[in-house]
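# Results of the structural survey
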Amino acid sequence: MARGRQETTTGTLARQGFGDAGRARELLDSTGLADHPSILADLTAAADPDLALLGLTRLLESVAAPGELLAALDGESDLRARLTRVLGASRALGDHLTRHPEDWRELRGHDAARQPGAGEYRAGLLHAVGADPSGASVPVADLAGHPTARVATALHAAYRRRVLHLAARDLTGITELDDIAAELAGLAAAVLEGALALARAEDPAAARLCRLAVVGMGKCGAGELNYVSDVDVVFVAEPATADAGEQEALRAATRLATSMMRVISEPGSEGTLWEVDAALRPEGKNGPLVRTLASHVSYYERWAKTWEFQALLKARPIAGDADLGEQYLAQIAPMVWQAADRPNFVDDVQAMRRRVEAHIAPSEAERQLKLGRGGLRDIEFAVQLLQLVHGRSDDSVRSPATLTALAELSAGGYVGRADAGELAESYRFLRRLEHLVQLYRLRRTHLLPDPNTDEGRRDLRRMGRALGLRGDPAAELLAAWRRHTAEVRRLHEKLFYRPLLNAVARLPESEARLSPEQARSRLEALGFLDPAGALRHLEALTQGVSRSAAIRRTLLPVMLGWFADCPDPDAGLLGFRQVSEALDNTPWYLRLLRDDVRVAERMARLLGTSKYATELLLRAPDAVAMLADERDLAPRHRAELRTEAAAILHRHASAEGAVTALRSLRRRELLRTATADLLGLNDVTTVGTALTEITAVTVDAALRAAIAEVARTRDAPPPVRFCVVAMGRFGGGELSYASDADVLFVYTARAGTDAETAAASARAIAAELRRLLELPAADPPLVIDTALRPEGRNGPEVRTLSSYANYYTRWSALWESQALLRAWPVAGDSDLGAEFTNLIDPLRYPEDGVSESGIREIRKLKARMEAERLPRGADPALHTKLGPGGLSDVEWVVQLLQLRHAHRCPELRTTGTLRALEAARDAGLVEDEDADTLAAAWRLASRIRDAVTLVRGKAGDSIPTDVRARAALAQALGYLPAEDEGSASEQLLEDYRQHTRRARAVMERLFYDS
């Protein structure tokens, strides 16, 4: 006795895990449990020793023979473990034992470790309501003196008794989680059967009129129910006899179904079990509660939405008329496996998942075990989508249970073994947490306790200990939960948004092959518009026994999913075939794709999104190598490009050979820039700068080659100094993918050279430069445009510095001063470039600013341009350059500010639009809000122009009016496709209209009113 007392000191109890050691000491002493060290040891091993001790104390106070219980606990270790584990994890089951103290015997002996079958559950719960298990009906006479409420209470108590038995096996690890979930579903089905029997006894007339089947949906139908979850059902009814009226039978069945639901859901002395939810029926809560089989079939054939077929995947008859339930399943199931043939099927399923996430309360999002990111729904939706896509042609993946289906998908090669294993492990972990959360009070919840509250930390500690964590249970549980949710989210995005998985690449060749019929079916489901053509590409890529063909067979199931996520999957697959055929004899190519799936994914995105990038890649397929490292996609500095260009000039003896190599350099940099742009690595100003840098380097190096070629043909160095001045977007450092190089050519004769000889030499240099840059070749030409020269296309293409001075002094129009705001000497003689800059500065930055008459002239020019230059048939609201609030509006506002104020504000003397706008803001010439509005509109319009070229492969200034083309543009710009093709495009339109509307208002105020 003394030894026992010593072991139950307050300090010892605290070390053993009791939170309130003083209270524990009192309870142990008052019950005599302090004299039972074996019982105390099991109490300290419980998830919550305080809760277990309190529950056992209450049980001892309630039981008729406490001595018998104590003796049993002392002598039977299995009973001790089961009872203490239950009492330490579930306050609700402790309450049940207090109400029904003799139920402790459910945890005793060999039967307590035995797993009952569904038939045993059904018979037991029917017996609890006095029904004959063989007939599932209760004779009315048997209910005499037994009100329905009392019988319902007996049903509830019997259910709790079986949950107690099940929870004890769960918490002691006797029964696996998968079997626990299946048992809970079987137990729920038995409760439904018992409640239906009671409803029939209440209304025998209705029972005689109809046949009623209860079809389980959701987790109950799938055999993977939680401890406390809504039990989703659908009711099917038929007349009981051939001469019975259908409507009369439906009314009778509705009364039975309503009564059955009330028996289960109404709270009583045993509390509420769970809700019976019939919201998944046709038309949801707005539809009739009960339908005939024909009515169900008609609805699903004509009206059902994609999500309803997704829900039907788990349908299973669970109560009532079994034959009718099987007839329902036989007619409905084939429709489920045809659902993936519906238009936009994959998009619909993905959109449903996003809607579920969007409706999570912000206060709960970080603790959601079921609906949140990385939660159970992520796994379930991914598995269901894969089942619905592949189950059409492969009936081996049609199991309604998530874990079974996941194993089937892995065995069939649709999910990699490692991915399936990780998902299954995480699914079991999350379900275990969900069970522990619900067991405590036997209430429906999917929220992890809040670690920021004392109560939440206590709950987390209890759950952690139930999982076997003993160091810092709460912290360890949270760390494990975060690890699992992060992995689930990663795999969810990998599987759910790429319906064919990159993990398939790990499977043996024999397991990854698809029959032609399966391949075509999958291509259709993935959104390929020409599945027959796509299948031909697949056959060409995978036929044969070569190592390359084998690697492609492992890659293609992966890449098809990525192509499917692109605007044009068909073009992506065709491009992949063309690149692969071009690199067929290159050993590193397929090895790179196989060993670094990021390269394959990026390649798929490029080929399936951008005709522009595809054309560049096809001209030099070995550029695929740059996709391996984001650092290789970063813009290169001008100095680095100049060094490479100089090396090219040094290596090639002929001008044509040198400039051909220069154009290859430019093509590579265009592809680098476009790739980074499409992958979201560069913003629009970085793109503009990168395009300008490579153009400037190309023009400069080509000019050197042209001068050398003219010298060679004339057998003497050209007797001129020659300079190329960038203009327009080129001069502003804002080139787009489709921009020509706007330039002016300036020269001066060297000493002793007559004017005619110098002019002829300068013209020869300019002509040779044009010729070299526009020669027919594999790489895109660089078009030189001199339309901004004095007198436009009517004036000489090449002028001396003095000719420019004479013209600008005598004849220059104000618009030319405005155009010169972007002039930037970019190639050739740097001293001559500086002289030209000194010449034009007084024109573009006039002393005292532009005059009032000049301002009026500029405003007239702008209005005239808006009226006359817009292409015929173009919608002004969609024209990014000349439309209201577009590029022209922003640029003219900025240029007017420069003309008016640059003479006194040197910071405005820059050729870039956004740089000048920022300088105007800093100088107080533009309010911050107005500057932000103009800059945002300019950036968006520039991005759209760039994206039009990237997607279409040719220039365009307008947002497409065709919804499909606009959706492709929106996706290239980073708008996520949502429920339908139009949603992303409408969001793009809304954003553009909002930005341009605001920019136009600012423009009119600053340009016309200031």
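To start, this report covers the structure provided alongside it. Remember, predicted model here, so these are calculated numbers, not experimental data.

## As for the overall build of the chain
- From N to C terminus, the chain includes 45 helices and 10 strands.
- Taken over C-alpha atoms, the radius of gyration comes to 39 Å for the chain, far larger than the 30 Å a tight globule of 1010 residues would show.
- Each principal axis of the C-alpha atoms in the chain carries an extent, and together these give about 125 × 75 × 65 Å.
- Across the 1010 residues that make up the chain, the buried fraction comes to 56%.
- Total accessible area computed for the chain in this model is approximately 41200 Å², and 49% of it derives from carbon and sulfur atoms.

## A few points about the nonpolar core
- Residues Leu56, Leu192, Tyr227, Phe235, Met260 and Trp274 are the most contacted members of the largest nonpolar core, which totals 126 residues.
- Among the elements that take part in this core, helix α11 (residues 177–202) stands out by supplying 14 residues, more than any other.
- One finds Leu526, Leu555, Val687 and Ala706 within the second-largest nonpolar core, a separate group that totals 92 residues.

## Points about the packing of aromatic side chains
- Following the criterion strictly, the structure yields 13 aromatic pairs and no others.
- Each ring, one from Tyr299 and one from Tyr300, has its centre 5.4 Å from the other, and the planes form 80°; the classification is edge-to-face. Accessibility assignment for this pair places Tyr299 and Tyr300 in one class, buried.
- Ring geometry for Phe1007 against Tyr1008: centres 5.0 Å apart, planes inclined by 90°, an arrangement best described as edge-to-face.
- Judged by relative accessible area, which is 0%, Phe1007 ranks as buried.

## Digging into helix α17 (residues 322–336)
- With 15 residues, α17 should cover 21 Å at 1.5 Å per step; its first-to-last C-alpha distance of 21 Å lies within 8% of that length.
- Within α17 the residues assigned to the buried category are Leu324, Gly325, Tyr328, Ile332, Met335 and Val336.
- The opening residue of α17 is Asp321, an N-cap whose side-chain oxygen sits 3.2 Å from the backbone nitrogen of Asp323.

## Topic: the layout of surface pockets
- What the second largest pocket holds in volume is close to 1300 Å³.
- Mapped onto the lining of the second largest pocket, the elements with two or more residues apiece are α35 (728–731), α38 (814–820), α40 (852–868), α41 (887–901) and α43 (928–952).
- Ranked by residue count, the leading element in the lining of the second largest pocket is α41, at 5 residues.
- Partitioned by chemical class, the residues of the lining of the second largest pocket number 15 nonpolar, 9 polar and 15 charged.

## Quick word on the environment of His652
- Inspection of the secondary structure assignment puts His652 in the loop between α32 (638–651) and α33 (655–678).
- Along the chain, His652 and Glu422 lie 230 residues apart, while their C-alpha atoms are 57 Å from each other.

## Concerning the side chain of Asp785
- In this structure, Asp785 sits in strand β8 (residues 784–785).
- You can call Asp785 buried: its relative accessible area is 17%.
- From its side chain, Asp785 meets the backbone nitrogen of Ala787 in a polar contact 2.9 Å long.
- Contact partners of Asp785, with chain neighbours within four places excluded, come to Asp740, Ala741, Asp742, Val743 and Arg793.

## What to know about the pairing of strand β2 (residues 231–239)
- The buried fraction of β2 is high, at 8 of 9 residues.
- Pairing analysis gives 7 bridges linking strand β1 (residues 210–216) to β2, with the strands arranged antiparallel. For Val214, the partnering residue across the bridge sits in β2 and is Phe235.
- With 2 bridges connecting them, β2 and strand β3 (residues 276–277) associate as parallel partners. Each residue of the ladder has a partner; that of Asp232, found in β3, is Asp277.
- With helix α14 (residues 246–265) bridging β2 and the parallel β3, this β-α-β connection has right-handed handedness.

## Describing helix α39 (residues 830–844)
- A rise of 1.5 Å per residue sets the reference length of α39, with its 15 residues, at 21 Å; its end C-alpha atoms lie 20 Å apart and thus fit the reference within 8%.
- For α39, the complete set of buried residues consists of Leu832, Gly833, Phe836, Thr837, Ile840, Leu843 and Arg844.
- In this structure, the buried residues of α39 make contact with β6 (720–726), β7 (741–749), α37 (801–810), α38, β10 (824–828) and α41.
- The distance from a side-chain oxygen at the start of α39 to the backbone nitrogen of Asp831 is 3.0 Å, and the residue carrying that oxygen is Asp829.

Criteria and thresholds
- Residues numbered from 1 in each chain as written.
- Predicted model: local features only at pLDDT ≥ 70, side-chain atom pairs only at ≥ 80, totals over all residues.
- Heavy atoms only, no water.
- Helix = DSSP H or I, 4+ residues; strand = E, 2+ residues; numbered from the N terminus.
- Rg over C-alpha atoms; globule rule 2.2 N^0.38 Å.
- Buried < 20%, exposed > 50% of the residue type's maximum accessible area, 1.4 Å probe, protein only.
- Areas by Shrake-Rupley, 256 points an atom, 1.4 Å probe, with all protein chains shown as cover.
- Core = buried A, V, L, I, M, F, W, Y, C linked by side-chain atoms within 4.5 Å.
- Phe/Tyr/Trp six-rings, centres within 6.5 Å; stacked < 30°, edge-to-face > 60°.
- Expected span 1.5 Å × (residues − 1).
- Polar contact = N/O pair within 3.5 Å; in protein donor to acceptor, adjacent residues only side chain to side chain.
- 1 Å grid on protein atoms, 1.4 Å probe; cavity = no way out; pocket = protein on both sides within 12 Å on 5 of 7 lines; lining within 4 Å.
- Points joined across faces, edges and corners; volume = space filled by probe spheres on them.
- Nonpolar A, V, L, I, M, F, W, Y, C, P; charged D, E, K, R; others polar.
- Contact = heavy atoms within 4.5 Å.
- Pairing = 2+ DSSP bridges.
- Right-handed = clockwise from strand over helix to strand, strands pointing away.

Everything listed here is a matter of coordinates, which is why it stays silent on function.
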